[in-house]
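Chain and residue survey
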Amino acid sequence: MDKVKSYIEKNKDRFLNELFELLRIPSISAQSDHKPDMTRCAEWLAASLMKAGADHAEVLPTEGNPVVFAERIVDPKAKTVLVYGHYDVMPVDPVDEWRTSPFEPVVKDGRIWCRGADDDKGQLFMHAKAFEAMCATDSLPCNVKFLLEGEEEIGSPSLYKFCADNKKMLKADIILVSDTSMISMQIPSITCGLRGLTYMEVEVTGPNKDLHSGLFGGAVANPANVLARMVASLIDENGHVTIPGFYDDVRELTAAERKAFNKAPFNLTEYKKALEIGDVEGEAGFTTIERTGIRPSLDVNGIWGGYIEEGTKTVIPSKASAKISMRLVPGQDFKKIAKLFEKHFKAIAPKSVKVKVKFLHGGMPYVAPTDMPAYKAAEKAIADTFGKKPLPFYSGGSIPIISGFENILGIKSLLIGFGLAEDAIHSPNESYGLDQFYKGVETIPLFYKYFAEK
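Since we're looking at a predicted model, the values are computed, not measured.

Considerations on the layout of surface pockets
Considered as a void within the structure, the second largest pocket measures approximately 220 Å³ in volume. Every residue lining the second largest pocket is counted, 13 residues in all, and those nearest its centre are R251, L253, I294, P330 and Y394. For the lining of the second largest pocket, the elements supplying multiple residues, two or more each, are β8 (189-194) and β15 (366-367). Broken down by class, the residue content of the lining of the second largest pocket amounts to eight nonpolar, two polar and three charged.

Take a look at the structure:
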């Protein structure tokens, strides 16, 4: 692997410049006016993978944004790794909180500052460059396929059908994913569990038009007030979600399992300091890392209604809305939770308003066995580059398509992400450490080596 490492070192500046080209494409899947950028980004990636050494690469249509598929077959009898990543990114709002232009990458303090720097362009590009380094040095020990989508941030709605229609093309021994984080660069980890997701939108309507709050205030239900009360009632004073049946399928860990889970390094003081909060809160009886790893949760992701521009406008809004997500744990079904939420939310609405509930997207939780050959190969690769054995780690995040891969393709996924909590994914001022990027490029070839030997 010395040749591979030498190639990476000689080309590291070019790798970074190419990543910057990718980051400059504003591929925001949630906003329809960026539809042309989605195609442009997919075409850029396909061309990049061809230059990296793929036998062929193509941009394939779906019912939504296109998929990039590429492959290099070194031996039909060899093991095959399917690399998954996504080229779409989150919206950049609120723009005025960014310290740099969201789509103009800047390197400062050893970090790349840009939307998508970590999630997931920076991480998927590590795979493209590791692949290039192995192809250029004739070191690739197994077959490699790439599946890069443009809809992960909106729930991958088109990818499920694409996978079902292309099972033969996507056949592999393992799916390799870098779209998660490590505990820290000093304490490397491998994600072996993801929470599921149910994402809803609600709308509360009162009067048939906005009303003068002086003439009608106190006599007509204010949808914004009502929505605030309804949302607040979804979690009680002990941090429990109040939706009937919400916890029915949650697997309760034994005392021994919880003790083992809490051995993961965690400093509550540093956690609060980094977030600039006075204290944490959540479900009573559970630690912070339990709340974000092995317990379900409910959060408002956005809420709006009435007049929110500069100055004043004294109105009772006709409508008020909110987006609400629920993170789920093994045992919970996102479709069942969506139905339970809708039934409960409509039941708690007063007669003075009308309520609409819409399911936006979701996915099942996922658990990766720590005894599978791919996990052992990744464990060894990370130990080589970081100098210590990685810990298994349960992430509070969700990648809904991962459980979809297992159900549709029958293939397990290995989650070896190189992100860190301070990367601020989904937030203004997203960043990705240069050392994280290069460490990933260095680690991935070792994974291929050890996986091929298993």
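Having seen the structure, we can now continue with the description.
Some remarks on the sheet that holds strand β13 (residues 319-328)
Pairing is antiparallel across the open sheet formed by four strands, whose spatial order is β11-β13-β9-β14. Whereas interior strands pair on both sides, the edge strands pair on one side only; in this sheet they are β11 (297-305) and β14 (354-363). The sheet shows a mean angle of 15° between the axes of neighbouring strands, taken without regard to direction. Pairing analysis gives nine bridges linking strand β9 (residues 196-205) to β14, with the strands arranged antiparallel.

Some remarks on the packing of aromatic side chains
Applying the stated criterion across every chain yields a total of 13 aromatic pairs. When the centroid spacing of 5.1 Å and the interplanar angle of 80° are considered together, the rings of F246 and Y247 count as edge-to-face. The positively charged end of K12 is found above the aromatic ring belonging to Y438, 4.6 Å away from the centroid. Its guanidinium or amino end placed over the ring of F451, K79 lies 4.6 Å from that ring's centre, counting from NZ or CZ.

Notes on the domain arrangement of the protein
In terms of domains, the protein is made up of domain 1 (1-194 + 365-452) and domain 2 (196-250 + 296-363). Each of domain 1 and domain 2 has a C-alpha centre, and the two are 35 Å apart. For the pairing of domain 1 and domain 2, the buried interface totals around 690 Å² over both sides, and the portion due to carbon and sulfur atoms is 60%. For the domain 1 face of the interface with domain 2, the top three residues by lost area are P365, S398 and P400, together amounting to 61%. For the pair domain 1 and domain 2, the number of links is zero salt bridges. Between domain 1 and domain 2 we count two residue pairs in polar contact (both at pLDDT 80 or more) in total.

Conventions and cut-offs
- Residues numbered from 1 in each chain as written.
- Predicted model: local features only at pLDDT ≥ 70, side-chain atom pairs only at ≥ 80, totals over all residues.
- Heavy atoms only, no water.
- 1 Å grid on protein atoms, 1.4 Å probe; cavity = no way out; pocket = protein on both sides within 12 Å on 5 of 7 lines; lining within 4 Å.
- Points joined across faces, edges and corners; volume = space filled by probe spheres on them.
- Helix = DSSP H or I, 4+ residues; strand = E, 2+ residues; numbered from the N terminus.
- Nonpolar A, V, L, I, M, F, W, Y, C, P; charged D, E, K, R; others polar.
- Pairing = 2+ DSSP bridges.
- Axes fitted to C-alpha atoms, helices over the stretch in contact; angles between N-to-C directions.
- Phe/Tyr/Trp six-rings, centres within 6.5 Å; stacked < 30°, edge-to-face > 60°.
- Lys NZ or Arg CZ within 6 Å of the ring centre and 35° of its normal.
- Domains from an automatic or database assignment.
- Buried area = accessible area lost by both parts, 1.4 Å probe.
- Salt bridge = Lys/Arg side-chain N within 4 Å of Asp/Glu carboxyl O.
- Polar contact = N/O pair within 3.5 Å; in protein donor to acceptor, adjacent residues only side chain to side chain.

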